[in-house]
Protein chains: 2
Amino acid sequence: MQQTGQIFHKALVIGLGLIGGSVLQGMIDNRLAGRLYAVDFDKSVIHHAMADKLIQAGDDELLNLANTGVLTDCDCVIIAVPAFAVKAILEKIKTAIDNQLLPSDVIISDTASTKGNILQDAFAIFGELPPNLVLAHPIAGAEKSGFMARNGALFKSHKLIICPHDFNDKQAVDKIATLWQSLGASVDFMPSDKHDEILALTSHLPHLLSYALTYQLATDEENLNIFKYAGGGFRDFSRISASSPIMWHDIFLANKQAVLQGLEDYQAILNQLKADIENDNSEKLLETFEIAKNAREYFGRLLVEKEKLKNL
Amino acid sequence: MQQTGQIFHKALVIGLGLIGGSVLQGMIDNRLAGRLYAVDFDKSVIHHAMADKLIQAGDDELLNLANTGVLTDCDCVIIAVPAFAVKAILEKIKTAIDNQLLPSDVIISDTASTKGNILQDAFAIFGELPPNLVLAHPIAGAEKSGFMARNGALFKSHKLIICPHDFNDKQAVDKIATLWQSLGASVDFMPSDKHDEILALTSHLPHLLSYALTYQLATDEENLNIFKYAGGGFRDFSRISASSPIMWHDIFLANKQAVLQGLEDYQAILNQLKADIENDNSEKLLETFEIAKNAREYFGRLLVEKEKLKNL
């Protein structure tokens, strides 16, 4: 981890869920910002953050906070709201900048799990890709959610992907990279379309496939009785089927193109496996399963290494 | 749990892996058989079981053990070998019966996870469905495998499915049900085709789907680098991809018909989800995910209840 000291003069975190709350806490723990502000639609969370002196000021509405004038020299905004809500936030930021309530060169970053759609929205709202808009995505989560589950060390040893765009200001990108490195994350850079492709395969597709099988069992003629006979394999496979329908609905639509492409490739593999089973193609089946098994064991070793790094 | 005392005079367990070893141990712990014998292809396991006085005699070859004459009054054989190996065991049992080394009315049972194929094999070998052949499948497993991981309480509060066939002797079925109830299992009865259908959906299909996605990631152009960006969702979803390729190859082929039917139904659901994403059909997507989420939460509650029962 890089020890950097203060990176920003005044930072604003929008959305104090698990991710936004953990960014805020991490910035406090590592003294990365001179002053901290926050916006969350839940007023009680803002009250809590102020009462605990985690932030200097906050509001449930960005423009109300901006109207007080405290953000005129704010140099960083982190948008930590669900993917579908980023667009409305960008519109409000544009309004605040237009009204000189936020500096025109404020660095704007996010934490969303899809990127192409945010670039599109930003272009539509700003009429260009803002040089200070730096897209970032921490690959981290936890069983718990919400501000009370925040953890300043949540990102330690986790990947953080930054997706620079063609018109990005290099200094802005560097500052966001430094921010996340200071929170313990390992920062990688890649284009937004590559990011969306990778996330479609490693995260979005497993959720879709798990939802689909759990739905199949739920709508079986056995009508839920079938779950009596499910064991540990199904338990693990289907755990993510209990994820938020609204959040995942948003993600699948926000990352539509990459999800559909990944799904098509998956369907081709399923069709091949189906044919191999139909035709007793033992050699091909064994080869496919061996490749999968070896890859899963490789992934298991990566997880063990990550755990070790976290506990350093 | 039913307390029954001795059910069998002389029982033989064929295959001392986790399941066979746990059946043996459970029969000892609960004094369910007067004398116990075992066969395993691994001679060292037999030596170990004899040295620890778990069995009176054993061998790595069923006919060798039978030739010593100790099984002429054996009243129960439990076949606890992988699905693909059951057929060869049934052939040897037939030979032993034909040579009066096993009684013609010995109760023969198994623990395999597919049933239709075993009925077919038995019919081919015996020229009829033997009245004393009782097909059983304990829905239990553990992280560990092998004889050393055996646990006499492994089946406690787990489902045990018995698939009676049309020519079954009622008393033989009752004795096998009593055996498993005495080991703590909750016994359900259903036809073998229903069993194979349920297992295809709750166990075989998840394994196939998990293998397929892990294979897709492993053969991505990123060539394993993509796993660096996978998180907890993929970790759980893909855990079963590390299962034994040979064992699962056998199961998919042994339960071909039900697996292919389940897969076809799954593909139809995937196609529907794909169309819903393509067409921004929010209402339909949310409805599907809600049904899945509710079903997964119901399943989670079943698991909690089962854990509570186990700890009684």
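Residues numbered from 1 in each chain as written. Chains lettered and ligands numbered in written order. Predicted model: local features only at pLDDT ≥ 70, side-chain atom pairs only at ≥ 80, totals over all residues. Heavy atoms only, no water.

Chemist: Could you give an account of the interface of chain A and chain B, with specific residues and numbers?
Modeler: Contacts between chain A and chain B engage 85 residues on the former and 85 residues on the latter. In total, chain A and chain B occlude about 8400 Å² of area from one another, counting both sides; carbon and sulfur atoms represent 72% of this. Broken down residue by residue, the surface that chain A buries against chain B is led by Tyr229(A), Phe289(A) and Arg296(A), which jointly contribute 9%. Remark: the boundary between chain A and chain B carries 10 salt bridges. Salt-bridge contacts for Glu221(B) lead to Lys194(A); the nearest nitrogen and oxygen are separated by 3.3 Å. Going through the elements one at a time, strand 7 (159-163), helix 7 (192-218), helix 8 (232-238), helix 9 (245-254), helix 10 (256-278) and helix 11 (282-310) of chain A are the ones with two or more residues in the side of chain A that touches chain B. Ranked by the residues each element gives to the side of chain A that touches chain B, the list is headed by helix 7 of chain A, at 18 residues. (Contact = heavy atoms within 4.5 Å. Buried area = accessible area lost by both parts, 1.4 Å probe. Salt bridge = Lys/Arg side-chain N within 4 Å of Asp/Glu carboxyl O. Helix = DSSP H or I, 4+ residues; strand = E, 2+ residues; numbered from the N terminus.)

Chemist: Can you tell me about the packing of helix 10 of chain A against helix 7 (residues 192-218) of chain B, naming the residues and giving the values?
Modeler: The N-to-C vectors of helix 10 of chain A and helix 7 of chain B enclose an angle of 125 degrees; their axes lie 10 Å apart at closest approach. Considering the angle they form, helix 10 of chain A stands oblique to helix 7 of chain B. Classified by chirality, the crossing of helix 7 of chain B by helix 10 of chain A is right-handed. Of helix 7 of chain B, the residues touching helix 10 of chain A (which contributes Gly262(A), Asp265(A), Tyr266(A), Ile269(A), Leu270(A), Leu273(A) and Ile277(A)) are Leu208(B), Leu209(B), Ala212(B), Leu213(B), Tyr215(B) and Gln216(B). (Axes fitted to C-alpha atoms, helices over the stretch in contact; angles between N-to-C directions. Parallel < 35°, antiparallel > 145°, perpendicular 65-115°, else oblique. Left-handed = near helix turned anticlockwise from the far one by under 90°.)

Chemist: Provide a residue-level description of the sheet that holds strand 2 (residues 33-39) of chain B, including the pertinent values.
Modeler: Residues and elements named next belong to chain B. Ordered in space as 3-2-1-4-5-6-7-8, the eight strands form an open sheet in which the pairing is mixed. Because the sheet does not close on itself, it has two edges, and the strands there are strand 3 (57-59) and strand 8 (186-189). Strand-to-strand twist across the sheet, computed as the mean angle between neighbouring axes with direction ignored, equals 25 degrees. Sheet topology places strand 7 (residues 159-163) next to strand 8; four bridges connect them, and they run parallel. (Pairing = 2+ DSSP bridges.)

Chemist: Give a detailed account of the environment of His165(A), specifying residues and quantitative values.
Modeler: Residues and elements named next belong to chain A. Structurally, the position occupied by His165 is in the loop between strand 7 and helix 6 (170-182). By relative accessible area, His165 is classed as buried at 8%. Measuring from C-alpha to C-alpha, the distance between His165 and Gly232 comes to 44 Å, with 67 residues separating the pair along the chain. The residues contacting His165, other than those within four sequence positions of it, are Leu119, Leu129, Pro130, Pro131 and Leu133. One polar contact links the side chain of His165 to the main-chain carbonyl oxygen of Leu133, over a distance of 3.3 Å. (Buried < 20%, exposed > 50% of the residue type's maximum accessible area, 1.4 Å probe, protein only. Polar contact = N/O pair within 3.5 Å; in protein donor to acceptor, adjacent residues only side chain to side chain.)

Chemist: A description of helix 6 of chain A should follow, citing residues and the corresponding values.
Modeler: Helical geometry note: an α-helix holds 3.6 residues per turn, so side chains three or four residues apart project in the same direction. All names here are of chain A. Between its first and last C-alpha atoms helix 6 spans 18 Å; for 13 residues at 1.5 Å apiece the expected length is 18 Å, and the two agree. Residues of helix 6 that are buried: Ala172, Val173, Ile176, Ala177, Thr178, Leu179, Trp180 and Ser182. Its side-chain oxygen at 3.2 Å from the backbone nitrogen of Gln171, Asp169 defines the N-terminal cap of helix 6. Where helix 6 ends, the next residue or the one after it, Gly184, has phi of about 100 degrees, a positive value. (Expected span 1.5 Å × (residues − 1).)

Chemist: If you had to explain helix 2 (residues 43-51) of chain A to someone new, which residues and values would you point to?
Modeler: Residues and elements named next belong to chain A. When we look at burial in helix 2, the residues that qualify are Val45, Ile46 and Ala49. The buried residues of helix 2 occupy one face: seen down the axis, they fall within an arc of 100 degrees. In this structure, the buried residues of helix 2 make contact with strand 2 (33-39) and strand 3 (57-59). Backbone geometry just downstream of helix 2 places Lys53 in the positive-phi region, at approximately 55 degrees. (Arc of directions from axis to C-beta.)

Chemist: Just give me the short version of the environment of His48(B), but keep the residues and values in it.
Modeler: All names here are of chain B. Along the chain, the position of His48 falls in helix 2 (residues 43-51). Overall, the relative accessible area of 27% leaves His48 in the partly exposed class. C-alpha of His48 to C-alpha of Gln120: the two residues are 72 residues apart in sequence and 35 Å apart in space. Among residues more than four places away in sequence, those in contact with His48 are Phe147, Met148 and Arg150.

Chemist: Help me get a handle on the pairing of strand 2 of chain A, residues and values and all.
Modeler: Residues and elements named next belong to chain A. Judged by how many residues are buried, strand 2 sits mostly within the fold: five of seven residues are covered. When strand 1 (residues 8-14) meets strand 2, the two strands line up parallel, connected through six bridges. Across the sheet, Lys10 pairs through a bridge with Arg35, a residue of strand 2. At this point the chain moves from strand 1, through helix 1 (residues 18-29), to the parallel strand 2, and the crossover so formed is right-handed. (Right-handed = clockwise from strand over helix to strand, strands pointing away.)

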